[in-house]
Amino acid sequence: MILVKRASILAIIFIILINLVGCSEESIELVDYESIVVPTEIKEVAEEDVLLSVRMRLREKEVIVEKISNKDVVEENDIVEIHFVENVDLDNITFIVGEQNFCDDFDEFIIGKKINRKYYFKNESVDVFFEIVGIKCFAETVTDDIAKKYFGFESKELFESYVENEIVKHRIFEYKYEILINKTKLKIDNSEMSKYISEKTLQAEKNAERAGSTLSEYLEMEYCISLSEYKTEIELFYIEYKILEELMKRERIDISENAVYHYVENLANERGIEPSEIFEFNSEEEIRYQMYYEKSFDIIL
């Protein structure tokens, strides 16, 4: 999955449901989101929330601390440097323990092992002697150097202040967006929404039939979701679709084909992949809709 539709990650909907021409032409009147009063406590951010967000951003950037001098036993999530020995025709590797990047069972095998020692590992695919030459880890806190090198801020304090403001902005958006969804739901034509849910359920039934399974089995197998959860997500998607549609009309926002391509190009550069890899899994309309959602963030705030 390359793109996600919203912060709560409705990945299932984004994978199998987005079909923009499938929604009705029903128009709705939006709640006045600008007048929604946000409780003061939503704007109060605890220090641990800032630190957690900082750690997540450090992980996303893969900010790694160099070899840990006082650590000699491998634990899960450590970044381990492995050198193969005994004339094995394998390149040395550095990987995150627990992500199964080398071969099956290897990660479990090295947990608890000590550095600067040789070990023997064998399974159905490999038969190797190796040495653990060092343990690194992801940075847990930001420094002035990290703030500048990875995030473009002159100091740790400026970066953490930015993170805190971003947390507040997202909380305000989520609070207003939830109210917008709940109140919009009351104004939507239920017959149109029911029709849409039925169409999408039928579409999923056909997919299940091609896969040789029942709808419930198919949803559980492919998406780890029950039929009732599936229908709930379709309903939520339909409501969100109508909200974003009205927002874009109200703000007179249109996104051109060139804008979509530049968006994908930037996203591909960030992730170190080719734009074609994103288009392989997402249509132009799906990507445009993701862009609409992102634009709605600033509009609602």
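Quantities reported herein were computed from a predicted structural model and do not represent experimental measurements.

**Q** What is the right way to look at the nonpolar core in this model?
**A** One recurring pattern in soluble globular proteins is that nonpolar side chains are buried together. In this structure, Tyr 33, Tyr 177, Leu 180, Leu 219, Ile 243, Leu 247 and Ile 287 are the most contacted members of the largest nonpolar core, which totals 45 residues. Taken together, the elements giving at least two residues each to this core come down to helix H5 (156-185), helix H6 (190-210), helix H7 (215-223), helix H8 (227-250), helix H9 (257-271) and helix H11 (284-300). If one sorts the elements of this core by residue count, H8 sits on top with 11 residues.

**Q** I'm lost on the packing of helix H2 (residues 47-60) against H5 in this one. Help?
**A** A pair of packed helices is characterised by two quantities: the angle between their axes and the separation of those axes. Between H2 and H5, the least distance of the axes is 9 Å, while the angle of their chain directions is 105°. Here H2 is positioned roughly perpendicular relative to H5, judged by the angle of their axes. From H2, Asp 49, Val 50, Leu 51, Ser 53, Val 54 and Arg 57 reach across to H5, where they touch Phe 159, Glu 160, Tyr 162, Val 163, Glu 164, Glu 166, Ile 167 and Arg 171. Taken together, the residues that form the contact of H2 with H5 break down as 7 nonpolar, 1 polar and 6 charged.

**Q** I tried to follow the packing of aromatic side chains on my own but got confused; where do I start?
**A** Geometrically, a pair of aromatic rings is defined through the distance of the ring centres and the angle of the planes. By the definition in use, this model includes 20 aromatic pairs. Here the aromatic rings of Phe 153 and Tyr 162 are separated by 5.1 Å at their centres, their planes lie at 40°, and the arrangement is tilted. Its relative accessible area of 22% is what places Phe 153 among the partly exposed residues. The partly exposed category is assigned to Tyr 162, whose relative accessible area is 32%. Site record: aromatic cluster; members linked through ring pairs are Phe 84, Phe 95, Phe 102, Phe 106, Phe 109, Tyr 119, Phe 121 and Phe 130. For Lys 113, the ring lying beneath its charged end belongs to Phe 109, and the centroid distance is 4.2 Å.

About the cut-offs
Residues numbered from 1 in each chain as written. Predicted model: local features only at pLDDT ≥ 70, side-chain atom pairs only at ≥ 80, totals over all residues. Heavy atoms only, no water. Core = buried A, V, L, I, M, F, W, Y, C linked by side-chain atoms within 4.5 Å. Buried < 20%, exposed > 50% of the residue type's maximum accessible area, 1.4 Å probe, protein only. Helix = DSSP H or I, 4+ residues; strand = E, 2+ residues; numbered from the N terminus. Axes fitted to C-alpha atoms, helices over the stretch in contact; angles between N-to-C directions. Parallel < 35°, antiparallel > 145°, perpendicular 65-115°, else oblique. Contact = heavy atoms within 4.5 Å. Nonpolar A, V, L, I, M, F, W, Y, C, P; charged D, E, K, R; others polar. Phe/Tyr/Trp six-rings, centres within 6.5 Å; stacked < 30°, edge-to-face > 60°. Lys NZ or Arg CZ within 6 Å of the ring centre and 35° of its normal.

Geometric values such as these leave the question of function open.
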